[in-house]
Amino acid sequence: MRHEVSELGTVLGVWAHPDDEVYLSAGLMALARDAGRRVVCVTATLGERGTGDPAQWPPARLAAVRAHEQRASLAVLGVTEHHVLGLPDGDCAEHPADDAVARLVAIIEQVRPDTILTFGPDGFTGHADHQAVSRWATAARALAAPEARLLYATTTDDFLHRWQHVYDRLDVFLADGLPARTPPELLSLHLALDGELADRKLVALRAQATQTAALVAMLGEQTMRDWCATEAFVDAAHATGRAWATWRPAVPADYAAWDHQC
Ligand SMILES: [Zn+2]
């Protein structure tokens, strides 16, 4: 596992909200940093609308707190290079793609990553911001670093089956068929975090308490740790086929009030 991650070279993660990177790639980032690799994280928004209680957490306040939380979370993983694009949370799909792609191209030209991580076109949870970021990162990589590996976050049928009892308690996936599943034999990276690494991811998750505290309280720390201890990525070129064709874009009617979890 450590060797596989070390071979990724310089890693650039491109995500939508603070916490996406920790849920989907904390173990990968920690292993890469431990191996002496450069890891750079890009977050499109400050996640300023990620609350079910906007009266208590107006956007400016939540944005400031989430920025602190994310810095602390990334520090646990050894990641010190972080770019925030400052795009509007919940409205990425309406933001001009040319602008977002150009900003990612500039970062890619500066970082020169060997591997780019992002969501698949499904957006994992189906969040429209995630889907927009996937499109932008895919386009920016094609323009600025076509030789770099492009890895999409994914999961497997076995994983979703194993954790169905957790998903039954969460309203996280926005449509049937999400997230897109990948057959295990097609996965490029399939990390099973244990011991210190799983504990470290739990600490990084807890650091983003505005997003995770309620979930940890509901599930319990051990379940949260074990549920989050699997990370899976597929090369973009392999993110095809029937398993990837079952999801549908979805935006719930009460989108503004929806508190994304991943
Ligand atoms: Zn998100």
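Owing to the predicted nature of the structure, the values given are computational and were not obtained by experimental measurement.

1. Focus: the confidence of the model for the protein
Put simply, the protein has an average pLDDT of 91, and 91% of its residues get 70 or more. Counting contacts from residues 250–262, a segment whose pLDDT is below 50, to residues more than four positions away or on other chains yields 37 contacts.

2. Notes on the packing of helix 2 (residues 20–34) against helix 8 (residues 195–207)
Relative to each other, helix 2 and helix 8 sit at 125 degrees, their axes nearing to 10 Å. Taken together, helix 2 and helix 8 sit at an angle that is classed as oblique. Two packed elements cross with a definite hand, and for helix 2 against helix 8 that hand is right-handed. Along the contact surface, helix 2 presents V22, Y23, L24, A26, G27, A30, L31 and D34, while helix 8 presents L197, R200, K201, A204 and L205.

3. Notes on empty space enclosed by the protein
Taken as a whole and assessed by the stated rule, the structure comprises 2 cavities of 30 Å³ or more. In this structure, the largest cavity spans a volume of roughly 200 Å³. Taken together, 14 residues form the lining of the largest cavity, with Y23, L24, F124, F159 and T230 sitting closest to its centre. When residues of the lining of the largest cavity are traced back to their parent elements, those giving at least two are helix 2 and strand 7 (230–235). Per-element accounting of the lining of the largest cavity gives the leading share, 4 residues, to strand 7. Grouping the constituent residues of the lining of the largest cavity by class yields 10 nonpolar, 3 polar and 1 charged.

4. Re the coordination of the zinc ion
Coordination of the zinc ion by the protein is provided by H17 (ND1), D20 (OD) and H130 (NE2), with metal-donor distances spanning 2.1 Å. The sequence pattern formed by the donor residues of the zinc ion is H-x2-D-x109-H. Here H130 lies in helix 5 (residues 128–144) and D20 lies in helix 2, a separation of 110 residues in the sequence. Each member of the pair, D20 as well as H130, carries the same accessibility label: buried.

5. Let's talk about the pattern of salt bridges
The tally for this structure, following the rule as stated, stands at 12 salt bridges. With its nearest N and O atoms 2.7 Å apart, the salt bridge here joins R38 to E81. Of this pair, R38 sits in the loop between helix 2 and strand 2 (39–45) while E81 sits in strand 3 (residues 81–87), placing them 43 residues apart in sequence. Given a relative accessible area of 28%, R38 falls into the partly exposed group. Residue classification places E81 among the partly exposed residues on the basis of a relative accessible area of 27%. Across the salt bridge formed by R225 and D199, the nearest N and O atoms sit 2.7 Å from each other.

6. Topic: the sheet that holds strand 4 (residues 115–119)
Pairing between the strands of a sheet is mediated by backbone hydrogen bonds and can be parallel or antiparallel. Read from one edge of the open sheet, 7 strands run 3-2-1-4-5-7-6, paired in mixed fashion. Only two strands of the sheet have a single neighbouring strand rather than two, namely strand 3 and strand 6 (189–192). With direction set aside, neighbouring strand axes in the sheet form an average angle of 20 degrees. By the bridge criterion, 4 bridges tie strand 6 to strand 7 in an arrangement that is antiparallel. Considered in strand 7, the bridge of H190 is made with A232. Sheet strands touched by helix 4 (residues 97–111): strand 1 (11–15), strand 2, strand 3 and strand 4. Its angle to strand 3, the strand with the most contacts, is close to 170 degrees.

7. Focus on the pairing of strand 4
Counting buried residues along strand 4, 5 of its 5 residues qualify, which places the element largely inside the surrounding structure. Here 3 bridges tie strand 1 to strand 4, and the two strands are oriented parallel to one another. Its bridge partner lying in strand 4, L12 is registered against I116. Pairing analysis gives 5 bridges linking strand 4 to strand 5 (residues 149–154), with the strands arranged parallel. Looking across to strand 5, one finds that L117 is bridged to L151. After leaving strand 4, the chain enters helix 5 and then returns to the sheet as strand 5, a path that is right-handed.

Quick notes on the rules
Residues numbered from 1 in each chain as written. Predicted model: local features only at pLDDT ≥ 70, side-chain atom pairs only at ≥ 80, totals over all residues. Heavy atoms only, no water. pLDDT = per-residue confidence, 0-100. Contact = heavy atoms within 4.5 Å. Axes fitted to C-alpha atoms, helices over the stretch in contact; angles between N-to-C directions. Helix = DSSP H or I, 4+ residues; strand = E, 2+ residues; numbered from the N terminus. Parallel < 35°, antiparallel > 145°, perpendicular 65-115°, else oblique. Left-handed = near helix turned anticlockwise from the far one by under 90°. 1 Å grid on protein atoms, 1.4 Å probe; cavity = no way out; pocket = protein on both sides within 12 Å on 5 of 7 lines; lining within 4 Å. Points joined across faces, edges and corners; volume = space filled by probe spheres on them. Nonpolar A, V, L, I, M, F, W, Y, C, P; charged D, E, K, R; others polar. Donors = N, O, S within 2.8 Å, 3.2 Å for Na, K, Ca; no water. Buried < 20%, exposed > 50% of the residue type's maximum accessible area, 1.4 Å probe, protein only. Salt bridge = Lys/Arg side-chain N within 4 Å of Asp/Glu carboxyl O. Pairing = 2+ DSSP bridges. Right-handed = clockwise from strand over helix to strand, strands pointing away.

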